[in-house]
Amino acid sequence: AIVAAATSTYVLVNLKTRKLSIAPKEMVDLYADYSTKDTSRLGTNLPRKSKLGNLDSEGAVLSKTFTVQESDIDQNGHVGSIVYVHWILESAESAEGAALDHLKTLDIEYKEECFLGQRIQCFTETVEVGEGSGESGESGKSL
C-alpha cells in the first residue's frame, strides 16, 4: 500500500541575480527518466498541480506571525522549503476550527524568497473545495 507520494519541481537560479535561469538541454536530458508526466512506475496517479487561487483579503485571517530564525535558513541562504510546510501547518492548526487530520494534499507556490530576520505573516482562509483550490468533484473544505 502506498503511504505517501510526492512530486517536486526544481528550478535553476542565478545566484548573482537571484533570477530564474534556463537549464541547458544537456542538464535537462540527464533527468528525463524522472519526469512526473508518466507516474505508472509509482503504481498510482499523482494529482496534477494547478494554479492556486489568490487569498481573499476579505475572508483571510491573520493566524500566526513568524520571524525567520538562523535554523530556518538553508544552504542557499534563504528559508528552506520544509520550513514553509511547518509554518503552514502550524498556522492552519491555530486557525479557528481548522482540522488537519484529513489533509490529503498540500500545494505550495513559492513566490519570493524569505531571509533571516524577516517577519512572515500567515493568513488563513477556508474555502469550499473547487472554488480556488484546483480540486474538482470533491466536497468539503480546503484551508
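Model, not experiment: these values are computed from the prediction. (Residues numbered from 1 in each chain as written. Predicted model: local features only at pLDDT ≥ 70, side-chain atom pairs only at ≥ 80, totals over all residues. Heavy atoms only, no water.)

Observations regarding the overall build of the protein chain
Helix and strand counts for the protein chain come out as two helices and six strands. Secondary structure elements in the protein chain, listed N-terminal to C-terminal, are β-β-α-β-α-β-β-β. Put simply, the protein chain has 143 residues, and 17% of those count as buried. Considering only residue pairs separated by 6 or more positions, the protein chain has 63% of its internal contacts joining residues 24 or more positions apart. For the protein chain, the exposed area adds up to about 11,500 Å²; of that, 52% sits on carbon and sulfur atoms. (Helix = DSSP H or I, 4+ residues; strand = E, 2+ residues; numbered from the N terminus. Buried < 20%, exposed > 50% of the residue type's maximum accessible area, 1.4 Å probe, protein only. Contact = heavy atoms within 4.5 Å. Areas by Shrake-Rupley, 256 points an atom, 1.4 Å probe, with all protein chains shown as cover.)

Details of a nonpolar patch on the surface
On the surface, Val 11, Val 13, Leu 15 and Leu 20 cluster together into a nonpolar patch covering about 400 Å² of accessible area. Overall, the relative accessible area of 65% leaves Leu 20 in the exposed class. (Patch = residues over 30% accessible without salt bridge, like charges linked within 9 Å, V, L, I, M, F, W, Y side chains within 5 Å. Salt bridge = Lys/Arg side-chain N within 4 Å of Asp/Glu carboxyl O.)

Comments concerning the side chain of Asp 72
With respect to the secondary-structure elements, Asp 72 resides in the loop between strand S3 (61-67) and helix H2 (81-94). Arg 119 is the oppositely charged side chain nearest to the buried, salt-bridge-free Asp 72, at an N-O distance of 13 Å. Among the polar contacts listed, one links the side chain of Asp 72 to the backbone nitrogen of Gln 69, at a separation of 2.8 Å. Residues contacting Asp 72, with those up to four places away along its chain left out, are Thr 67, His 78, Val 79, Gly 80, Val 83 and Trp 87. (Lys, Arg positive; Asp, Glu negative; His and termini not counted. Polar contact = N/O pair within 3.5 Å; in protein donor to acceptor, adjacent residues only side chain to side chain.)

A few points about the packing of aromatic side chains
Counted under the stated rule, the structure contains two aromatic pairs. On the numbers, 5.4 Å between centres and 20 degrees between planes, the contact of Phe 66 with Trp 87 is stacked. Of this pair, Phe 66 sits in strand S3 while Trp 87 sits in helix H2, and the two are 21 residues apart along the sequence. By relative accessible area, which is 11% here, Phe 66 ends up buried. Under the relative-accessibility criterion, Trp 87 is labelled buried at 7%. Plain terms: the ring middles of Tyr 84 and Trp 87 are 5.6 Å apart, the flat faces sit at 80 degrees to each other, and that makes the pair edge-to-face. In this pair, Tyr 84 and Trp 87 are both assigned in helix H2, three residues apart and thus about one turn of the helix distant. For the pair Tyr 84 and Trp 87, one class covers both residues: buried. Members of the aromatic cluster, connected to one another through ring pairs, are Phe 66, Tyr 84 and Trp 87. (Phe/Tyr/Trp six-rings, centres within 6.5 Å; stacked < 30°, edge-to-face > 60°.)

Brief notes about the pattern of salt bridges
Summed over the entire model, instances satisfying the criterion amount to two salt bridges. Its salt-bridge partner being Lys 25, residue Asp 29 comes within 2.9 Å of it at the nearest N-O pair. Placement of the pair is Asp 29 and Lys 25 together in helix H1 (residues 25-30), with a separation of four residues, close to one helical turn. Taking the relative accessible area as the measure of exposure, Asp 29 reaches 43% and is therefore partly exposed.

Some remarks on the environment of Ser 94
Tracing the sequence through the fold places Ser 94 in helix H2. Taking C-alpha positions, Ser 94 is 7.5 Å from Lys 64, a pair spaced 30 residues apart along the chain. Every residue in contact with Ser 94, bar those within four places of it in the chain, is listed here: Ser 63 and Lys 64.

Remarks on the nonpolar core
By size, the foremost hydrophobic cluster in this structure holds nine residues: Phe 66, Val 68, Val 79, Val 83, Tyr 84, Trp 87, Cys 114, Ile 120 and Cys 122. The residues touching Val 68, leaving out its near neighbours within four places in the chain, are Ile 73, Val 79, Trp 87, Cys 114, Phe 115, Leu 116, Gly 117, Gln 118 and Ile 120. (Core = buried A, V, L, I, M, F, W, Y, C linked by side-chain atoms within 4.5 Å.)

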